[in-house]
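Okay, here's what each chain looks like letter by letter:
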Amino acid sequence: MGRRQQRAARRSQALAFRAVALLAVGAAVATGVLMALSSHPRARAALNLRIPLLPRLLATVDDAGHVEPLGVVVPPDAARAPSWPPPLLNPEARLRWGWDLSLGRPGAREVLFTFDDGPNPGTTDRLLPMLSRAGIHAAFFVCGWRLESSEEPLRSRARQILRDIVAQGHIVGNHTVHHLVLPQLPPDRVRYEIEHNADLIEEVLGERPHLFRPPYGAYSEDVRRHLVARGNELWMWSIDPHDYLLVNNAEGVAQAVITALGNHAGGTVLLHDTHPWSVAAVPKILRWLDTENAERALSHRAPYVILDAPHYLEGARSRLPQIIAAEADASAAAAHHARDASAAEPTTGVMGEGDTDASADPGDAAAPAADRDAR
Ligand SMILES: [Zn+2]
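What counts as what
Residues numbered from 1 in each chain as written. Predicted model: local features only at pLDDT ≥ 70, side-chain atom pairs only at ≥ 80, totals over all residues. Helix = DSSP H or I, 4+ residues; strand = E, 2+ residues; numbered from the N terminus. Buried ≥ 20, exposed ≤ 12 C-beta atoms within 10 Å, placed from the backbone. Contact = placed C-beta atoms within 7 Å. Arc of directions from axis to C-beta. Pairing = 2+ DSSP bridges. pLDDT = per-residue confidence, 0-100.

## Section: the overall build of the protein chain
Within the protein chain one finds 12 helices and 9 strands. The burial tally for the protein chain puts 46% of its 375 residues in the buried class. A separation threshold of at least 6 residues defines the contact pool for the protein chain, and within that pool the share at least 24 residues apart is 78%.

## Some remarks on helix H4 (residues 124-134)
The α-helix winds at 3.6 residues per turn, so residues separated by three or four positions along the chain end up facing the same way. Restricting attention to buried positions, one finds in H4 the residues Thr124, Leu127, Leu128 and Leu131. All buried residues of H4 lie within an arc of 105 degrees about the axis, which places them on one face of the element. With respect to the buried face of H4, the exposed residues turned more than 90 degrees away are Pro129 and Arg133. Elements that come into contact with the buried residues of H4 comprise strand S3 (110-116), helix H5 (154-167) and helix H9 (276-298). Positive backbone phi, at 70 degrees, marks Gly135, one or two positions downstream of H4.

## A word on the environment of Asn174
Structurally, Asn174 can be placed in strand S5 (residues 171-174). Overall, Asn174 belongs to the buried group, with 26 C-beta atoms counted inside 10 Å. Expressed as a C-alpha distance, the spacing of Asn174 and Asp116, which sit 58 residues apart in the sequence, is 9.5 Å. If sequence neighbours within four positions are ignored, Asn174 has contacts with Val142, Ile194, Asn197, Ala198, Ile201, Pro209, Leu211, Phe212 and Asn232.

## With respect to the pairing of strand S8 (residues 266-272)
Burial runs high along S8: 7 of the 7 residues are buried. With 7 bridges joining them, S3 and S8 adopt parallel strand pairing. Looking at S8, one finds that Phe115 is bridged to Leu271.

## A short note on the environment of Val223
Along the chain, the position of Val223 falls in helix H7 (residues 221-229). Linking Val223 and Leu182, residues 41 residues apart in sequence, is a C-alpha distance of 7.4 Å. In this structure Val223 touches Leu182, Pro183, Val190 and Pro214, once residues within four positions along its chain are discounted.

## Some remarks on H7
Turning to H7, its buried residues are Val223, Arg224, His226 and Leu227. Viewed along the axis of H7, the buried residues span an arc of 160 degrees, placing them on a single side of the element. On its buried face, H7 is in contact with helix H3 (95-103), helix H6 (187-205), strand S6 (211-212) and strand S7 (233-234). A positive phi of about 70 degrees marks Gly231, the residue just after H7.

## Some words on the confidence of the model for the protein chain
Across the protein chain, the average pLDDT comes to 75, with 62% of residues at or above 70. Confidence drops under a pLDDT of 50 for residues 35-63, and excluding neighbours within four residues, the segment shows 48 contacts in the predicted structure. Counted against residues more than four places away or in other chains, residues 342-375, with its pLDDT under 50, gives 74 contacts.

Here you go:
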């Protein structure tokens, strides 16, 4: 065969391969939709109620044809008080689902606020009344070092603020005691950072946190195994304005969040309640949401909705079986041409240097960058 013929043969082979892959992916997504609809009557009612069906079961496909279903969220029942602690959302503590949860319902313009690294006297206590006035319930991922500080009044003020956070209807998650890069620590130090932080939170609140967010989004297989054993679960973020870089620039933080909200049609916002400029950005973001919603109402477009974090987690619980079902189906369909890619355990998040877990998750290419320099 001549070189040109060989090239043509290779090209037609590649085209046929691509066509088969596309068909398989299409079939997998369609099956996922059907399974989700047939197995979940409440989801069906909710889906028909609001935006059309297909945007809800969006999937992304990587080069190997591996499908990353984004799943379906059932709108939470706002009238019912959430149970505490809520039943597990991702009982295997898979980071992928931590990201899925943070993405929310595709295109739904739903906004969740999460605040990391506090409670910090002077900033967190200024944030709480803002959230309260706006009727917002957020999630606070807490670093416990202030709760056991030998400095006063730091220690007692931090403890009081943590009690206020829960009293005002927010939820509290574990963000380790000292905000270190977990994959770089020896296993017993990892356990200490997670469990001692949970001890400190329990000492103040009488409840152990069940949500976990690793500092910098960095974790290892050892960290994951520990979280699984403890029944913890991961909840990450999808909008990171890198507020720690925008020192004294509340307007910049607000604009970064606003731009990302527009680009992603909502999502889980990561801010640090330890920075005055991040706290000052919150009313700016809320004012923009009000103005934007007024304009959207005039042109009959769906508004942004600020979700209540505790209720969202309850609603998201019903989404996970659908993500799992669609994922299993997609993996089976993709296995024949991408056996290696679909066999990889999709748990790898943003890894710290020196980590030995090499099973990089293709889905995390789309995940937001870790706040590696955040404090
Ligand atoms: Zn942090």
